[in-house]
Every structure is written in structure tokens, then in C-alpha cells.
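# Structural features, examined
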Amino acid sequence: WGLSHIDLHAGDTVLDIGCGGGNTLARMAERVTEGHLTGIDYAETSVEASRRFNASLVEAGRMEILHGSVEALPFDDGHFDAVVTVESFYFWPSPAACLKEVARVVKPGGAFLLLAEIYGRDDLPEGICAKVADYDLTNPSPEEFERLFRAAGFAAVNTYFKDGEYWIAVRGVR
């Protein structure tokens, strides 16, 4: 569902922020067959797991997985056609500054897709609200996401919701 909200082409250069175990990278590699995929994660154990999961793509030179933070992405301005993050935004330090850093590495006309299993809404179950508070998670409403994306430099922002669930997809285009 989530990746259906971003156009990926065979020759694209794509970044997955907070790549975790590498599943999203593997799924995107099915569409990005001639380009290059990069994963980055703050947790070294996730970097190792993603490298193992995608070993054949890494060995083929189609993918690299790096240890690093969204706070200071080690890439040139306008480097990526597309950037994706799945279930990591909750944990980003200084979300507004980090979104500006993401926008910096997206090519003009390129897109950033944020996927999250929950977002700020009035009908979240009490248990989820408690976890958001206990872990001090960043959990914006759709309107807050749009403001953050626009302030970071994304000219167009669209939000999508998964029917019957709390998932949100926020897509910004530079």
C-alpha cells in the first residue's frame, strides 16, 4: 500500500532512511532495476541486518547500506530522485530540521515519501496514545505534516490514508 504512493523508475537513485532490516529496500529494488538504492540507519545492528538481507544486491553494486543519521545525511544536495522512510519519523530528533535535511538531498522535482502506522488523530486507542506519550514520539496530524513538509521545502504535499487502519502516507515533491 505505502510504496504505491511514490513513482519509482528503473534508473532512479533512491534513499531509504531508517532502513531497518532492509525489506523496503528489497521491495523498491524490484522497481529500481537499473538505478541505485541506498539505505541508512542510525542503529548499527539494523545496518548489519539490512546488508545480510540484501547481500546479493549489495554484492551486485545495486545497493549500499550505511550507518548514519537523518540529522546529517552524507550526500550531495539534490542527489536522490526519491527518498522514503517507513516507521522512523516518530524517533527523529528535531523533526523540522531533519525534514529540511531530507529536502536538501532530493532532486528538484523528486519526491519524499513518509509512511507511518499511526498519526495524530482524535480516535487513536488509549494504549497507543500512552505509548506516544511514554516514548515521546513525534506523531503529527495530517495538517501538521503538511506544514512541516512545506516549511522544509516541499512545494507539493499529499496525504493518503489506509482504509480501516491508522496508516498515513505523506508525499512531498520538491
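This section reports on the structure supplied with the text.

Conventions and cut-offs
- Residues numbered from 1 in each chain as written.
- Predicted model: local features only at pLDDT ≥ 70, side-chain atom pairs only at ≥ 80, totals over all residues.
- Heavy atoms only, no water.
- Buried < 20%, exposed > 50% of the residue type's maximum accessible area, 1.4 Å probe, protein only.
- Helix = DSSP H or I, 4+ residues; strand = E, 2+ residues; numbered from the N terminus.
- Pairing = 2+ DSSP bridges.
- Right-handed = clockwise from strand over helix to strand, strands pointing away.
- Contact = heavy atoms within 4.5 Å.

Let us look at the pairing of strand S2 (residues 36-41). Within S2, five of the six residues are buried, which leaves the element mostly enclosed by the surrounding structure. Note that strand S1 (residues 13-17) and S2 share five bridges and pair parallel. Counterpart to Asp16 in the pairing with S2 is Gly39. A crossover links S1 with its parallel partner S2, the connecting element being helix H1 (residues 23-29), and its sense is right-handed. Both S2 and strand S3 (residues 63-67) contribute to a ladder of five bridges, which runs parallel. Residue pairing for S3: Ile40 is matched across the bridge by Leu66.

Time to look at the environment of Val84. Following the sequence through the fold, Val84 ends up in strand S4 (residues 80-86). Judged by relative accessible area, Val84 falls into the buried class, the value being 0%. With 78 residues separating them in the primary sequence, Val84 and Ile6 have C-alpha atoms 8.8 Å apart. Once you skip the residues sitting within four places of it in the chain, Val84 turns out to touch Leu3, Ile6, Leu15, Asp16, Ile17, Thr24, Met28, Phe112 and Leu113.

The subject of this paragraph is the pairing of S4. With five of its seven residues buried, S4 lies for the most part within the structure. Two elements, S1 and S4, share four bridges in a ladder whose sense is parallel. By the bridge assignment, Val14 is partnered in S4 with Ala82. Pairing between S4 and strand S5 (residues 106-116): six bridges, direction parallel. Looking at S5, one finds that Ala82 is bridged to Ala111. Crossover connection from S4 via helix H4 (residues 95-105) to parallel S5: handedness right-handed.

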